[in-house]
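Observations on chain architecture
Letter by letter, the chains look like this.
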Amino acid sequence: MSGVVRTVLGDLRPEELGVCDAHDHLFISNPQLPGQELNDARAARAELEAFRAAGGTGVVQWTPYGMGRRAADLPALSQAAGVHVVCATGLHQAAHYAPELLKEVRGGLAELFVRELTEGIGTSGVRAGLIKVAGGFHALDAHARWTMTSAAEAHRATGAPVAVHLEMGTGALDVLDLLCGELGVPPHRVILGHLNRSPDLVVQRQAAEAGCWLAFDGPSRTHHATDWRMPDAVRALADAGFGHRVLLGGDTVVAAARSVSGGPGMPYLLRRVRPRLEAELGKEAVDRILAENAGRAFAVEWS
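In this report, we go over the structure that sits alongside the text. (Residues numbered from 1 in each chain as written. Predicted model: local features only at pLDDT ≥ 70, side-chain atom pairs only at ≥ 80, totals over all residues. Heavy atoms only, no water.)

When helices and strands are counted, the chain shows ten helices and twelve strands. Seen through its principal axes, the chain has C-alpha atoms that stretch 50 × 40 × 40 Å. Partitioning the intrachain contacts of the chain with sequence separation of at least 6 by distance along the chain shows that 76% fall at a separation of at least 24. Carbon and sulfur atoms form 50% of the exposed surface of the chain, whose accessible area is close to 11,600 Å². (Helix = DSSP H or I, 4+ residues; strand = E, 2+ residues; numbered from the N terminus. Contact = heavy atoms within 4.5 Å. Areas by Shrake-Rupley, 256 points an atom, 1.4 Å probe, with all protein chains shown as cover.)

With that settled, the discussion passes to unusual backbone geometry. Located in the positive-phi region is histidine 194, a residue other than glycine, with phi close to 75°. Mapped onto the secondary structure, histidine 194 falls in the loop between β9 (190-193) and α7 (201-210). Look at aspartate 251: it is not a glycine, yet its phi comes out positive at around 55°. As for its position among the elements, aspartate 251 is in the loop between β11 (246-249) and α9 (267-281). A relative accessible area of 4% places aspartate 251 in the buried class. (Buried < 20%, exposed > 50% of the residue type's maximum accessible area, 1.4 Å probe, protein only.)

Attention shifts here to the packing of aromatic side chains. Applying the stated criterion across every chain yields a total of zero aromatic pairs. Over the aromatic face of tryptophan 146 sits the side chain of arginine 106, whose NZ or CZ is 3.8 Å from the ring centroid. Positioned above the aromatic ring of tryptophan 213 is the side chain of arginine 245, whose terminal nitrogen or guanidinium carbon lies 4.7 Å from the ring centre. (Phe/Tyr/Trp six-rings, centres within 6.5 Å; stacked < 30°, edge-to-face > 60°. Lys NZ or Arg CZ within 6 Å of the ring centre and 35° of its normal.)

To continue, consider the packing of α9 against helix α10 (residues 283-298). Packing of α9 against α10 brings their axes to within 7 Å, and their N-to-C directions diverge by 130°. In this view, α9 runs oblique relative to α10, as classed from their interaxial angle. Considering how the two elements wind past one another, α9 and α10 form a crossing that is right-handed. Residues Leu269, Leu270, Arg274, Leu277, Glu278 and Leu281 of α9 form the contact with α10, whose own contacting residues are Lys283, Ala285, Val286, Asp287, Ile289 and Leu290. Residue composition of the contact of α9 with α10, grouped by class: eight nonpolar, no polar and four charged. (Axes fitted to C-alpha atoms, helices over the stretch in contact; angles between N-to-C directions. Parallel < 35°, antiparallel > 145°, perpendicular 65-115°, else oblique. Left-handed = near helix turned anticlockwise from the far one by under 90°. Nonpolar A, V, L, I, M, F, W, Y, C, P; charged D, E, K, R; others polar.)

What follows covers the pattern of salt bridges. Any two side chains of opposite charge can pair, given that their charged atoms come close. In this structure the tally under the stated criterion is 16 salt bridges. Arginine 235 is the salt-bridge partner of aspartate 232, the closest N and O atoms lying 3.4 Å from each other. With a gap of three residues between them, aspartate 232 and arginine 235 both fall in helix α8 (residues 230-239), about one helical turn apart. You can call arginine 235 partly exposed: its relative accessible area is 33%. With its nearest N and O atoms 3.1 Å apart, the salt bridge here joins glutamate 280 to arginine 276. On the criterion of helical spacing, the pair formed by glutamate 280 and arginine 276 is a turn pair, its members being four residues apart in helix α9. (Salt bridge = Lys/Arg side-chain N within 4 Å of Asp/Glu carboxyl O.)

Quick look at the sheet that holds strand β1 (residues 4-7) now. Spatially, β2-β1-β12 is the arrangement adopted by the three strands of the open sheet, whose pairing is antiparallel. Two strands bound the open sheet, and with one partner strand each, they are β2 (10-12) and β12 (299-300). Summarising the sheet, β1 and β2 pair through three bridges and their orientation is antiparallel. In the sheet register, valine 5 faces β2, and the bridge partner there is leucine 12. (Pairing = 2+ DSSP bridges.)

With that settled, consider α8. All buried positions along α8 are accounted for by Met230, Pro231, Ala233, Val234 and Leu237. Viewed along the axis of α8, the buried residues span an arc of 165°, placing them on a single side of the element. Packing partners of the buried residues in α8 comprise α7, β10 (213-217), β11, α9 and α10. One or two steps after α8, the chain reaches glycine 241, where phi turns positive at roughly 90°. (Arc of directions from axis to C-beta.)

By secondary structure assignment, the location of alanine 208 is in helix α7. Residues alanine 208 and glycine 241 lie 33 residues apart in sequence; the distance between their C-alpha atoms is 9.4 Å.

Within strand β7 (residues 130-134), five of the five residues are buried, leaving the element largely enclosed by the surrounding structure. Across the two faces of β7 the burial is the same, with Leu130, Lys132 and Ala134 and Ile131 and Val133 all buried. In the sheet, strand β6 (residues 88-90) pairs with β7 via three bridges, with the strands oriented parallel. If you follow threonine 89 over to β7, its bridge partner there is isoleucine 131. The parallel pair β7 and strand β8 (residues 162-165) is bridged by helix α5 (residues 142-158), and the resulting crossover is right-handed. (Right-handed = clockwise from strand over helix to strand, strands pointing away.)

Here it is as C-alpha cells:
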C-alpha cells in the first residue's frame with residue numbers, strides 16, 4: 001500500500017491504521033438534533049477506550065467544518081486511548097448551518113479545505129485527512145454541487161479522498177456522475193457513505209464497478225434496513241469480486257447512541273457486526289475489510 005494516512009497525531013503508513021471504524025464521530029453538533037450533541041470529551045475518550053478494548057485501533061471522524069469537530073481535543077484523546085484518529089474537513093448539507101456561516105465561506109470553500117488538509121484546522125495544528133461532503137435525497141441541489149465542486153478542487157490540490165454522505169443512501173450514481181464524470185475525481189478517491197440505508201444491490205454493484213469505495217455504516221438502525229440486509233449486500237459484492245472496495249463504520253451521531261451511554265456505539269462494529277459478517281464471508285475476508293481496505297481508502301500521496 002502506498003501513501004500515508006493523515007491522522008491527528010501525524011502521518012502513518014496505511015498498514016499501521018489497523019482495525020478501523022471507517023466512519024464515525026467523536027464530536028458533532030447538529031442543529032437538527034438539539035440536545036443530543038456529542039460534546040463531552042470524557043465520554044469521547046471512554047468510547048475510544050471501549051473501541052480499543054474490542055480490538056479497534058483506528059477511527060475516522062467524518063464531522064466536517066462548522067459542526068463541532070473540536071479538532072484541538074482530538075490529539076490528546078487519540079494518544080490517551082491508543083487509537084489512531086483521522087479528522088475531516090468539508091461541508092455538510094445547507095440545512096446543518098446558519099446562513100451566516102455559509103455566506104462566510106462562499107467565496108473560498110476549496111481554499112478552506114486545502115488549508116485544513118495541509119496547514120491545519122484553525123490554530124489546533126491538526127490537519128484533516130479527508131474531505132466530507134453530502135448529497136440530497138435522490139438528487140443534488142445547488143449547495144451539493146457547490147460543495148462537491150470545491151471538494152474536487154481541493155482533491156486536485158492535495159490528493160485527499162472525498163467522502164460523501166448519501167441522504168438515506170440515495171443518489172450514489174448522481175454523485176459519481178458529478179464527482180468523477182464532470183469534475184474528474186478518480187473513483188478510487190471517492191467514498192460513498194450510507195449505502196446500507198438504501199439496500200439496492202444493483203446500484204451498489206454499479207458503484208463498485210465504477211471503482212469507488214462503498215461504506216456500510218450506521219449499524220443497529222433497523223429502520224434503515226441496516227443489520228439484517230447488510231451481510232447479504234456485502235456478500236453479494238464480495239462474490240462479484242468487489243470485497244476490496246467495502247468499508248465498515250458505526251456513524252455514532254447522538255450521545256445516547258454511544259456504548260458508554262447504553263447504546264451500540266463504536267464497539268458494536270466489532271462486537272456484533274464483525275462476527276455476523278464472518279459467518280457470511282469468513283474471518284480472513286472481514287479482517288481485510290476492517291484493516292487493509294481502510295488503510296488503502298484513506299492513504300494519500302499528499303501534494
